[in-house]
Amino acid sequence: QTSAAKQEEDFAAAKEMLAAKCEKLETDLNTQIAESEKESGILQGKLKSNTAEKGDLEEKLAAVVAERDELSKTTSDLFSQNKKLETDLSKKKLVKEDKAKVESRLEVVTKERDDLLSYRGEVERLKSELGNEKLLQEGKEERMKELQVLLDEAHERL
């Protein structure tokens, strides 16, 4: 019996020790659960905060992308305008060059016209002089004929 009592006593002590270990494990587990729940609450709060921040960042990103797209369009429009202006300036330069050539040619043509008008005036004057000289010549020839007739008559009388 002593050995049965001792075994019973050992069994009770082992049972008490296991119960204490189970209680300690249960307490440790409850502590860990409480800490995990606390940490889970903190993490859920962080998750909500991060989700809200993510939403804000996505809105900001969308705004930045829209602004970038607008800037890209504006840049493209300005580039097109710049090309058009360059083309217009080239055309304007060619027009100026053409205008200068035309003005130069106009000066030459105007001078030639003035020269021709001057020559025409000179020709008209010479024609007039020639006409007057012809009239004089014709008058002289008439007079010479008359004088010849008179001379002939005078010879006949002699």
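Residues numbered from 1 in each chain as written. Predicted model: local features only at pLDDT ≥ 70, side-chain atom pairs only at ≥ 80, totals over all residues. Heavy atoms only, no water.

The helix and strand tally for the chain stands at 1 helix and 0 strands. Taking 15 Å as the expected radius of gyration for a compact globule of 158 residues, we find that the chain reaches 65 Å, considerably beyond that expectation. Its C-alpha atoms give the chain principal-axis dimensions of roughly 220 × 25 × 10 Å. Relative to its 158 residues, the chain shows a buried fraction of 0%. (Helix = DSSP H or I, 4+ residues; strand = E, 2+ residues; numbered from the N terminus. Rg over C-alpha atoms; globule rule 2.2 N^0.38 Å. Buried < 20%, exposed > 50% of the residue type's maximum accessible area, 1.4 Å probe, protein only.)

Tallying each qualifying case throughout the model produces 12 salt bridges. The salt bridge partner of Lys84 is Asp88, with a shortest N-O separation of 3.0 Å. With Lys84 and Asp88 both in helix α1 (residues 2–157) and 4 residues apart, the pair spans about one turn of that helix. Owing to a relative accessible area of 31%, Asp88 belongs among the partly exposed residues under this scheme. Where Arg125 meets Glu129, a salt bridge forms, and the shortest distance between an N and an O atom there is 2.2 Å. Placement of both Arg125 and Glu129 in helix α1 is noted, with a separation of 4 residues, approximately one turn of the helix. The structure contains a network of salt bridges with shared partners spanning Glu122, Arg125 and Glu129. (Salt bridge = Lys/Arg side-chain N within 4 Å of Asp/Glu carboxyl O.)

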